[in-house]
Amino acid sequence: MKYKSFSMLAFVFLVTTADAQIKNIYHKGWIDFNKNGRMDVFEDPSRPVDARVKDLLGQMNLDEKTCQTATLYGYGRVLKDEMPTAEWKTSIWKDGIANIDEELNSLPYNKKAVTQYSFPFSKHAHAINTVQKWFVEETRLGIPVDFSNEGIHGLCHDRATPFPAPVNIGSTWNKSLVYQAGSIVGREAKALGYTNVYAPILDVARDQRWGRVVECYAEDPFLIAELGKQMTMGIQDQGTAATLKHYAVYSVPKGGRDGQARTDPHVAPREMHEMFLYPFRRVIQEAKPMGIMSSYNDWNGEPVTGSYYFLTELLRKQYGFDGYVVSDSEAVEFISGKHHVAEDYKQAVKQAIEAGLNVRTHFTKPENFILPLRELVKEGSVSMKTLDERVADVLRVKFRLGLFDDPYVKDPTAADKKVHTRADEELAVQLNRESMVLLKNDKNLLPLDIAKYKRILVSGPLATEINYTTSRYGPSNNPIVSILDGIKAYAGKNSTIAYSKGCEVIDAKWPESEIIPVELTTEEQLQIDQAVAAAKASDVIIAVVGETDEQVGESKSRTGLNLPGRQLMLLQALHATGKPVVMVMVNGRPLTINWENRYLPAILQAGFPGPSAGKVVAETLFGDNNPGGKLTMTYPKSIGQIELNFPFKPGSQAGQGKNDDPNGNGKTRVLGALYPFGYGLSYTTFEFSNLNLDKKEIHNQADVHVSVDVKNTGQRKGDEVVQLYLKDVVSSVTTYESVLRGFERVSLAPGETKTLKFTLHPDDLAILDKNMNRTVEPGKFIVMIGNSSEDIKLKEEFTVK
């Protein structure tokens, strides 16, 4: 009995002593992370980051180093516990971890991830502090965790501020608004305890069939670079890391096919650099992001995540990237499992780590990567020098983020006032407003006059659908206004609003019904007949059609681009009533709406707006919001035209007649775009004048300053996107017919004129020459100003001597 009492006293003494030691690690101005009672170099905030990294690296053992090369997916994914438990002391992360992804965020579409700690926001900040505290206090060296999360259209967190899909964000062409959106994402992340945001997506969406075009800004690399730069700076100016994705050549899988087939991009080297790597190069060099996500496709037979050329030669040596590279989920596994360039997973790990990968991410346990890596180092197959270099990159980002100076959310209670404020919501709604694109408006049918149309029919399967407002990569659990409810709220007091669905989004045989027509079922015919009857009793029809989150998104590529299901039949039946039909299109990609464009008087592209969808669409239809968005992707008339994009090489999208070809006499295909890149109408009109260049002759490292006047010549206040295109007249290699090199969205009152100024830098004029060197060649250049890639209003020339 005495022995047991002595043992218990000893245990209490040890625990008390340990607790005292942990409490004593927090000193004024520094933290004793390694708990040795003195301030080491890595713990000294006054020392340079590189010195701190070197000191910490020198104290780490193999287990601790390898733990800094893997992601632990958060609660509901891999992590089973909401809060630290005793079992954590025997888990692989007892020696630390590089990052924890999507921790306690109540991930959309994953019921297992629903947690009590996601909301209120202050509760989440406290919870993240608790998890971080465990790593600081319970691991030997106390290396803090980088908490990462998605954020491509708002932070992927329960009730965070929701933005429209990236394809809508692109359609705003508004750089300052995108910066503000990034600032909100960064601020909310920091307030909630996240330190790294996986955004923006810089993929160049060149194939309209691809499922993830909804998550991309555009098909044009310059537009993507400009908006991506603003989003990155917005996030990082709040003290949060931005991680660009998906690097590289990810967005053009063969045939636009998605999912497991996402591979084998048919892209030549010059096109890769000028088109698909251009946004990454520019954003890395101009915005200094702290993160890059490596993609799981190959290029030219080499998996990107196992490529020294992509991850080291290009990324670090040429572009100057100094953050850390995290793999897209399963990218390492694909090196052996799909691409078969490694005999087993262990060799895939070796390829990835030697190529330049810093952190492996996958929805499996982190030890699946860490343990093979340890074996490789012990065997001498991977050198300690290589491992040290990879770990140093991760630690450097953690130091830059201030995690070794203040690893915790300073004021968790403040999160309730910093996340999804009223001002944030107003900005999110403004993003939705500015993303609306008017595609057609015969006889100025829009905006609708409530005094004229007293009986309004709302029809179409997207009128009540709301799933497109929330995605796997965005905020969840926000109140959503359907388009039907938005119209009722706006016009219901002055007009009678009827609703008849008309059809479902898809039919029972879709997508096979796109290639083998199927007779209408009795129920389908009844739905259309009911809508027609309601239409006959109405003054105007608002038909809300398009796609939902089930038809576009990750792993949802298509073989056709018509409106799915019976939606075209519904529109044709409604049109046959003789009543005016306004088509509102909810879409995450360009659609081949040829009949609709020819016969319906008005078409508004809503895209994939956020939860305020109904409010914004109603404001736009009835005139409170004058649509000023522009298309960021070319609308083909047929999938047979793909690839059909801007920019393009001379003659590559030409016609078949004598003007296009000396031997031209063909009439075998449909020509031209349905709507070109940069296209979008307004409820007012604009005029361009006074295009001026400050120089007509320059040397090859000089800037050219361009100015142009734009005037609102209509009766309504409106926004115009002034677009500057550049043509290199003669060059040593074939270049694009023209390239976008400037744009500005400007708001003008009726009769108002503003002068816009652009600067063309040497990089804007540069091409890759025959030796693949980026250079500005002498010769003539043409500056073109317009409001789409095809509607050029003014031209001026200058010469590089």
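Up top is the structure.
## Quick look at the overall build of the chain
And then number 1: Counting secondary structure elements, the chain contains 22 helices and 27 strands.
And then number 2: Out of the 801 residues belonging to the chain, those deemed buried represent 61%.
And then number 3: Of all intrachain contacts in the chain linking residues separated by at least 6 positions in sequence, the fraction that spans at least 24 positions is 78%.
And then number 4: Working note: accessible area of the chain is about 30700 Å², and carbon and sulfur atoms make up 50% of it.

## A look at the packing of aromatic side chains
And then number 1: A full pass over the atoms with the stated rule returns 30 aromatic pairs.
And then number 2: Note on Phe119 and Phe121: the rings are 5.0 Å apart at their centroids and 85 degrees apart in plane angle, and the pair reads as edge-to-face.
And then number 3: You can call Phe119 partly exposed: its relative accessible area is 32%.
And then number 4: Overall, Phe121 belongs to the buried group, its relative accessible area being 6%.
And then number 5: Measuring from centroid to centroid gives 5.7 Å for Trp210 and Tyr250, while their planes differ by 75 degrees, and the two rings are edge-to-face. Taken as a pair, Trp210 in the loop between strand E6 (196-198) and helix H7 (221-236) and Tyr250 in the loop between strand E7 (241-247) and helix H8 (269-276) lie far apart in primary sequence, 40 residues in all.
And then number 6: Judged by relative accessible area, which is 0%, Trp210 ranks as buried.
And then number 7: Residue Tyr250 is classed as buried on the basis of its relative accessible area, which comes to 1%.
And then number 8: Among the aromatic residues, those joined into a ring-pair cluster are Trp173, Phe222, Phe646, Phe648, Phe677, Tyr725 and Phe743.
And then number 9: For the cation-ring pair, Lys175 lies above Phe743, with the distance from its terminal atom to the ring centre recorded as 4.7 Å.
And then number 10: The ring of Tyr736 carries the charged tip of Lys649 above its face, separated from the ring centre by 5.2 Å.

## What to know about the environment of Asn562
And then number 1: Considering the arrangement of structural elements, one finds Asn562 in the loop between strand E15 (540-546) and helix H19 (567-575).
And then number 2: Taking the C-alpha atoms as reference points, Asn562 and Trp595, 33 residues apart in sequence, are found 10.0 Å from one another.
And then number 3: Residue contacts for Asn562: discarding those within four places in its chain leaves Leu591 and Thr592.
And then number 4: In this structure the side chain of Asn562 is engaged in a polar contact, spanning 2.6 Å, whose partner is the side chain of Thr592.

## Thoughts on helix H13 (residues 367-379)
What sets the pattern is the α-helix's 3.6 residues per turn: residues three or four places apart point alike.
And then number 1: Taking 1.5 Å of rise per residue, 13 residues should cover 18 Å, and H13 covers 18 Å from first to last C-alpha, within 8% of that figure.
And then number 2: Close packing links the buried residues of H13 with helix H3 (62-67), helix H11 (331-337), helix H12 (345-355) and helix H14 (384-400).
And then number 3: One or two steps after H13, the chain reaches Gly380, where phi turns positive at roughly 85 degrees.

## A word on the nonpolar core
And then number 1: Judged by nonpolar contacts, the single largest core of 165 residues is most densely connected at Tyr247 and Phe798.
And then number 2: In this structure Tyr247 touches Leu277, Phe280, Ile292, Met293, Ser294, Ser295, Val304, Phe310, Leu311, Leu314, Leu315 and Tyr319, once residues within four positions along its chain are discounted.
And then number 3: Among the nonpolar cores identified, the runner-up in size contains 40 residues, and Tyr453, Val582, Ala606 and Phe622 belong to it.

Cut-offs and rules
- Residues numbered from 1 in each chain as written.
- Predicted model: local features only at pLDDT ≥ 70, side-chain atom pairs only at ≥ 80, totals over all residues.
- Heavy atoms only, no water.
- Helix = DSSP H or I, 4+ residues; strand = E, 2+ residues; numbered from the N terminus.
- Buried < 20%, exposed > 50% of the residue type's maximum accessible area, 1.4 Å probe, protein only.
- Contact = heavy atoms within 4.5 Å.
- Areas by Shrake-Rupley, 256 points an atom, 1.4 Å probe, with all protein chains shown as cover.
- Phe/Tyr/Trp six-rings, centres within 6.5 Å; stacked < 30°, edge-to-face > 60°.
- Lys NZ or Arg CZ within 6 Å of the ring centre and 35° of its normal.
- Polar contact = N/O pair within 3.5 Å; in protein donor to acceptor, adjacent residues only side chain to side chain.
- Expected span 1.5 Å × (residues − 1).
- Core = buried A, V, L, I, M, F, W, Y, C linked by side-chain atoms within 4.5 Å.

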